[in-house]
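The chain contents come next:
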Amino acid sequence: METLETLGKRAKAASRLLAGAGTKRKNAALLAVARALEEQSPAILAANAADVAAAREAGMTPALIDRLSLTAARIEGMAEGVRQTAALPDPVGEVVEGFRRPNGLQIRRERVPLGVVGIIGSIIAIRYIFRVNMAKEEESLK
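Below or above, wherever it landed, is the structure these notes cover. Note that the structure is a prediction, hence the values are computed from the model and not measured. (Residues numbered from 1 in each chain as written. Predicted model: local features only at pLDDT ≥ 70, side-chain atom pairs only at ≥ 80, totals over all residues. Heavy atoms only, no water.)

Our focus in this paragraph is helix α3 (residues 41-57). Helix length check: α3, at 17 residues, gives a terminal C-alpha distance of 24 Å against a target of 24 Å (1.5 Å per residue), a fit within 8%. Among the residues of α3, S41, N48, V52 and A55 are the ones counted as buried. Taken around the axis of α3, the buried residues stretch over an arc of 60 degrees, which confines them to a single face. Residues of α3 that are exposed and angled more than 90 degrees away from the buried face: P42 and E57. Contacts from the buried residues of α3 go to α2 (23-39), α4 (62-68) and α5 (72-87). Downstream of α3 by a residue or two, G59 has a phi angle that is positive, lying close to 85 degrees. (Helix = DSSP H or I, 4+ residues; strand = E, 2+ residues; numbered from the N terminus. Expected span 1.5 Å × (residues − 1). Buried < 20%, exposed > 50% of the residue type's maximum accessible area, 1.4 Å probe, protein only. Arc of directions from axis to C-beta. Contact = heavy atoms within 4.5 Å.)

Here you go:
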């Protein structure tokens, strides 16, 4: 089983690759994610059942357990949501606003894929700010 830190590092590396990828490549990756969700559904549901059982034992409220619980229909909904995302127009590189200055300098504002990098960076920063030891956290969950 991979650690959360390893998963985070892999996600960060993937975000760098996808940032420079074209629309076709990004959509292919999204469609692969949708297929993987469906293909791995039994394994995902089994792992989720273990998480739900641990949450019940820990005294988590029924409302939170419901939010944690996955079903085949919920996984199918996730896969469909990913497919819908792939069908959307790619906003990366879209020029939102632009103009040319009298001296010929062209100025434009365009969309760039910093959201994912920002989220990952925030998670890493929070880990260091609160001195979270991921190995100890994972061990305490077992």
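Moving on, there is more to tell.
So, on to the packing of α2 against α3. One way to put it is that α2 packs onto α3 with a least axis distance of 5 Å and a crossing angle of 65 degrees. Contacts between α2 and α3 involve L37, E38 and E39 on the former and, on the latter, S41, P42 and I44. (Axes fitted to C-alpha atoms, helices over the stretch in contact; angles between N-to-C directions.)

Let us now look at the pattern of salt bridges. In the structure shown here, the tally under the stated rule is seven salt bridges. A salt bridge links R83 to E76; the shortest N-O distance between them is 3.9 Å. Owing to a relative accessible area of 37%, E76 belongs among the partly exposed residues under this scheme. A salt bridge links R109 to E97; the shortest N-O distance between them is 3.7 Å. Placement of R109 in strand β2 (residues 106-110) and of E97 in strand β1 (residues 95-100) is noted, with a sequence separation of twelve residues between them. Of the residues examined, E97 reaches a relative accessible area of 44% and is grouped as partly exposed. It is possible to trace a salt-bridge network through shared partners that takes in E38, E76, E80 and R83. (Salt bridge = Lys/Arg side-chain N within 4 Å of Asp/Glu carboxyl O.)

Position of A32 among the secondary structure elements: in helix α2. Along the sequence, A32 and V82 sit 50 residues apart, while their C-alpha atoms lie 9.5 Å from each other.

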